[in-house]
Amino acid sequence: MPGGLFLLTLIVWLVLKTMRQIRQRADADSAATEQIHELESHLSQLLKSLGEMTGRMQTMAEVFGSRQSDMMRAVNERLDGMGHKLGISMADTTKKTQDGLRHLHERLAVIDRAQQTITDLSGQVGQLQSILSNKQTRGAFGQGRMEAIIQDQMAPSTYSFQATLSNNNRPDCLIHMPNGAPSLAIDAKFPLEGFNLLRKAETEEQLKYAQAQFRRDFSKHIQDIGEKYLLPGETQDTAFLFVPSESVFAELNERFEDLVQKAHRTRVVIVSPSLLMLSIQVIQSVLRDAKMREQAHLIQAEVGHLIADVSRLNDRVGKLQSHFAQANKDIDQILTSTDKITETQEPDEPRQAITPDS
C-alpha cells in the first residue's frame, strides 16, 4: 500500500511535471511565435527601408552622375580656359623674354662700346700722364688748350701767341685791348710737378713734403709772372694763369686758398678753361663796345647829313607850296575875268558854253 501510494504520488508528480513542461513549451512556442511575428514585422520594415534606401541611392546616384557630368564639364571648361590663358600668358612671357633679351643684347652692346671707350680713354689718360710728366710737353698741352679756347671765340686780330715784350719775355698769349690800352698777358705753364706729388703721396710725411714742394713751385711761378709779364704801360696790371684742368683748379681753390690769395695780391688771376671762356666773352663785349664808340662819330655825321637833307626837302616843299598858291590865285583871277565877259553879252544872244577848245 505504501508502495502504491508512493507510485501514485510519483505518477501524479510526473503528470504535473509533464503538464508544467507542456505548458512551458506552449508558452515558449507562443513567445517564439510572437518573436517570429516581430521579426517578420522588423524584416518587412527593414525591407521597406532597404527599398526606400535603394530608391534614394539610385536618386543620389543619378544626381551624383548629373553633378559629376556638370562638374566634369565645368572642370573641362576651366581647364580649357586655363590652358588658353596659360598659352596667352606663355606667349606674352616668351615675347617679353625675347624683348628683354633683345634689350639686354643692346645694353650689352652699349656696355661693350662703353668698355671700349673706357679702354681708349685709359690709353689716352696714360698718354696724357706721360705728356704731363714732362715739363715741356705739359706746357705745350696747356698752351694748346688755351689757344683752342681763344681761337674759337676771338678774332685773329685781337690776340697774339708767343709775342715778345720789351723785356724780351714771351707770354703764351697777349689779348689786345681797344683804344690803345695795354694788352692782357696769359700764362699757360701751371707747375704740376708738386701737384702730382700731392696725388701720389701715401704717407703723412710724403704729403707734407709734396705740399711744401707745391707751395714753393707755385709761389715762384706767381712771382715770375708778376716780374715778367706785368709791365706798366705795356701790359695790363693783371695777368691770367691758365690751369688746363677743372679738377686741378677746384682742388687748388679748396686746399690752397692761401696761394690763391697770394696770387690775387700779386695781381695774377688763376683761371680754369670755363673761367677763361667767360673772361674771353667779357673781353669780347668790351671790344664790341669800343668798336661801337669808334663808329659813333660816323653815325653822328650821317645823322647830321640826314637832317640837312630833310631841311632842304622842307624848303623845296615850301617853295612848291607857294607855286601852287600862286597858280590857284591866277586861276581865280581868270575865272573872275570870264564871269565879267559873260555878263556883258546881250540877253537875247544865246550863251555859248566855254570849252577847252575855245
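What counts, and where the lines are drawn
Throughout this description, residue numbers start from 1 for each chain and increase along the sequence as written. Predicted model: local features are reported for residues with pLDDT of at least 70 only, side-chain atom pairs are reported and counted for 80 or more only, and whole-chain, interface and lining totals are derived from all residues. Each side-chain value is worked out from all heavy atoms of the structure, with water and hydrogens disregarded. Starting at the N terminus, helices and strands are each numbered in turn, a helix being any DSSP run of H or I of at least four residues and a strand any DSSP run of E of at least two. Think of it in three bands: residues with accessible area under 20% of the maximum for their type are buried, residues over 50% are exposed, and the middle band is partly exposed, with areas taken using a 1.4 Å probe on protein chains only. The contact rule is simple, with two residues in contact once any of their heavy atoms fall within 4.5 Å. Per-residue and other accessible areas were derived by the Shrake-Rupley procedure at a 1.4 Å probe size, with only the shown protein chains allowed to occlude residues. By definition, a salt bridge exists where a carboxyl oxygen of Asp or Glu is found within 4 Å of a side-chain nitrogen of Lys or Arg. Starting at the helix axis, one direction is taken to each C-beta atom, and the arc is that of these directions. Here, nonpolar core means buried Ala, Val, Leu, Ile, Met, Phe, Trp, Tyr and Cys residues that are tied together by side-chain atoms lying within 4.5 Å of each other. If DSSP finds at least two bridges between two strands, the strands pair. Two aromatic rings, drawn from Phe, Tyr or Trp (for Trp, its six-membered ring), form a pair once their centres lie within 6.5 Å of each other, and the interplanar angle then sorts them: stacked below 30 degrees, edge-to-face above 60, tilted otherwise.

Some words on the overall build of the chain
Of the regular secondary structure elements, the chain holds eight helices and five strands. Counting helices and strands in the order they occur from the N terminus, the chain gives α-α-β-β-β-α-α-β-α-α-β-α-α. Within the chain, the proportion of its 358 residues that are buried is 20%. In the chain, once contacts between residues fewer than 6 apart in sequence are set aside, the share between residues at least 24 apart is 63%. Surface exposure of the chain reaches about 26500 Å², of which carbon and sulfur atoms provide 59%.

Regarding the pattern of salt bridges
Enumeration over the complete set of coordinates arrives at seven salt bridges. Linking D99 and R102 is a salt bridge whose minimum nitrogen-to-oxygen distance equals 3.0 Å. One end of the pair, D99, and the other, R102, are both in helix α1 (residues 2–132), three residues apart, so they sit about a helical turn from each other. For D224, the salt bridge goes to K220, with nearest N and O atoms at 2.9 Å. Residue D224 and its partner K220 are both found in helix α4 (residues 204–229); the two are separated by four residues, about one turn of the helix.

Some points on helix α5 (residues 246–255)
Taken together, the buried positions of α5 are V248, F249, E251 and L252. Looking straight down α5, one finds its buried side chains confined to an arc of 165°; they lie on one side.

Overview of the nonpolar core
Counting residues in hydrophobic clusters, the biggest one holds 28 residues, and the most contacted among them are F190, F214, F218, L241, L252 and I270. Elements with a minimum of two residues in this core: α3 (193–200), α4, β4 (239–242), α5, α6 (257–265) and β5 (268–271). If you tally residues by element for this core, the top one is α4, at six residues. M146, I175, A188 and L287 belong to the second largest nonpolar core, which has 17 residues in total.

What to know about the pairing of strand β3 (residues 184–187)
Burial along β3 is two-sided: the face carrying L184 and I186 and the face carrying A185 and D187 are both buried. The pairing of strand β2 (residues 173–175) with β3 spans three bridges and is antiparallel. Within the sheet, the bridge partner assigned to I175 lies in β3 and is L184.

Digging into α6
Those residues of α6 lying buried are L259, V260 and A263. One face of α6 carries all of its buried residues, which in axial projection span an arc of 100°. Opposite its buried face, α6 presents the exposed residues E257 and R265, each directed more than 90 degrees away. Among the structural elements, α4, α5 and β5 are those in contact with the buried residues of α6. Downstream of α6 by a residue or two, R267 has a phi angle that is positive, lying close to 65°.

Considering the packing of aromatic side chains
Tallied over the entire structure, the rule returns three aromatic pairs. Ring geometry for Y159 and F161: centres 5.0 Å apart, planes at 45°, overall tilted. For Y159, a relative accessible area of 13% puts it in the buried group. A residue is classified by how much of its surface remains accessible, and F161, at 23% relative accessible area, is partly exposed. Members of the aromatic cluster, connected to one another through ring pairs, are F214, F218 and F256.

Some remarks on unusual backbone geometry
Backbone geometry at N168 places phi at a positive 70°, although glycine is not the residue there. On the secondary structure map, N168 appears in the loop between β1 (159–161) and β2. The backbone of R267 shows a phi angle near 65°, a positive value even though the residue is not glycine. Summarising the element assignment, R267 is placed in the loop between α6 and β5.

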